[in-house]
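Here are the chains, one letter per residue:
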Amino acid sequence: AFKAKIKPWKNKTYVLLSCAFLVIALEPTLFVRKVYSAVEVTKEKLAELDKYSSKSSWQKSYRTGVPTDYILIIGESARKDYFHSYGYPIENTPFLDNNFTVKVDGMKAGGTYTIGSLTNMLTVPDKNNWRPRYDRTLIDLAKTAGIKTYWISSQGMVGKYDTPVSAIGKKADVTVFLNKGEYSAKNISDYALLKSFRAALKDPIRQSRLIVLHTIGSHPDACNRIIDFKDPYRVKDKNYEYLACYVSSIKKT
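Notes on the structure in this doc start here. (Residues numbered from 1 in each chain as written. Predicted model: local features only at pLDDT ≥ 70, side-chain atom pairs only at ≥ 80, totals over all residues. Heavy atoms only, no water.)

**Some points on unusual backbone geometry**
And step 1. With omega at 0 degrees, the peptide bond leading from Pro220 into Asp221 counts as cis.
And step 2. When you line up the elements, Asp221 lands in the loop between strand 4 (209-214) and helix 8 (222-225).
And step 3. At Trp130, a residue that is not glycine, the phi angle is positive and equals roughly 55 degrees.
And step 4. By the element assignment, Trp130 lies in the loop between helix 4 (114-121) and helix 5 (138-144). (Helix = DSSP H or I, 4+ residues; strand = E, 2+ residues; numbered from the N terminus.)

**Examining the side chain of Arg209**
And step 1. Of note, Arg209 is situated in strand 4.
And step 2. A distance of 3.0 Å separates the side chain of Arg209 from the backbone oxygen of Leu201, its partner in a polar contact.
And step 3. One polar contact links the side chain of Arg209 to the main-chain carbonyl oxygen of Asp203, over a distance of 3.1 Å. (Polar contact = N/O pair within 3.5 Å; in protein donor to acceptor, adjacent residues only side chain to side chain.)

**Side note on the packing of aromatic side chains**
And step 1. What the rule picks out here adds up to two aromatic pairs.
And step 2. Aromatic pair Tyr82 and Tyr88: ring centres 5.1 Å apart, planes at 40 degrees, arrangement tilted.
And step 3. Under the relative-accessibility criterion, Tyr82 is labelled partly exposed at 21%.
And step 4. Accessibility expressed as a relative area gives 15% for Tyr88, which makes it buried.
And step 5. One aromatic cluster is present, built from ring pairs that chain together Tyr82, Tyr88 and Tyr246.
And step 6. One cation-aromatic arrangement involves Arg136 over Trp58; the distance from NZ or CZ to the ring centre is 4.6 Å. (Phe/Tyr/Trp six-rings, centres within 6.5 Å; stacked < 30°, edge-to-face > 60°. Buried < 20%, exposed > 50% of the residue type's maximum accessible area, 1.4 Å probe, protein only. Lys NZ or Arg CZ within 6 Å of the ring centre and 35° of its normal.)

**Points about the sheet that holds strand 2 (residues 148-156)**
Strand pairing in a sheet is mediated by backbone hydrogen bonds. Such pairs are either parallel or antiparallel.
And step 1. The four strands are arranged 1-4-2-3 in an open sheet whose pairing can be described as parallel. Since the sheet does not close on itself, it has two edges, and those belong to strand 1 (69-74) and strand 3 (174-179), each with one partner. With strand direction ignored, the average angle separating the axes of adjacent strands in the sheet is 10 degrees.
And step 2. Pairing between strand 1 and strand 4: six bridges, direction parallel. What sits directly across from Tyr70, in strand 4, is Leu210. (Pairing = 2+ DSSP bridges. Axes fitted to C-alpha atoms, helices over the stretch in contact; angles between N-to-C directions.)

**Notes on the pattern of salt bridges**
Between side chains of opposite charge, a pair can form when the charged atoms approach closely.
And step 1. Taken as a whole and assessed by the stated rule, the structure comprises ten salt bridges.
And step 2. Among the salt bridges present, the one from Lys252 reaches Asp228, with a minimum N-O distance of 2.9 Å. Pair noted here: Lys252 is in helix 9 (residues 241-252) and Asp228 is in the loop between helix 8 and helix 9, with a separation of 24 residues, a long-range link.
And step 3. Overall, the relative accessible area of 34% leaves Asp228 in the partly exposed class.
And step 4. Between Asp231 and Lys251 there is a salt bridge, and its shortest N-O distance comes to 2.8 Å. Of this pair, Asp231 sits in the loop between helix 8 and helix 9 while Lys251 sits in helix 9, placing them 20 residues apart in sequence. (Salt bridge = Lys/Arg side-chain N within 4 Å of Asp/Glu carboxyl O.)

Geometric descriptors of this kind do not, in isolation, establish any biological role.
Structure (structure tokens):
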């Protein structure tokens, strides 16, 4: 029988090629590939964000009176019929119940999901085609009246379900996105918004301000939203555990 006398350890080319193959096949390069992929996805999402950032078509507008702070808090995934202030039997709206408020009853959201709702409600939409007009946003309108605008968000900045709304937020004079990726990338508590909110209130200016707080609210999974909530509702029946989380998340908001 013929026996080949192959001694691979003496063949530098063979050794180098083998090492290269092993490095490619092993985990270290997976990190590099993931980083490259993440960079490309980020570029793609930012390009998408720019696509939605239309220039304003508002003309100059004016407001009268002393400088005023306007605070707009945008909730998420919270149904009116689960608010105590609208008749739900569990007292989960203590602030609304114990302060002077004017409740609007009968207003309907502009869509059944976040983008469809907010993009139509934060712009003057094309009612014939039921599409938002990104050149006619609430933020741009406030700015034409000399109001300084702030957009502080715990929602995602870029992603399939976030980008168009972020495009509106990015128009503000001051923007704070606590979550740079999609909304599900991090479980950021809405309490984290308070630091930036306080900073905005302390901004030493003599003009009116519009501060928008875009919360994660009761967005699924509601139980993840109340991890840091000190007074959640408890149930004995496990079948109602998620409902308890949902009702608690509204109280937290």
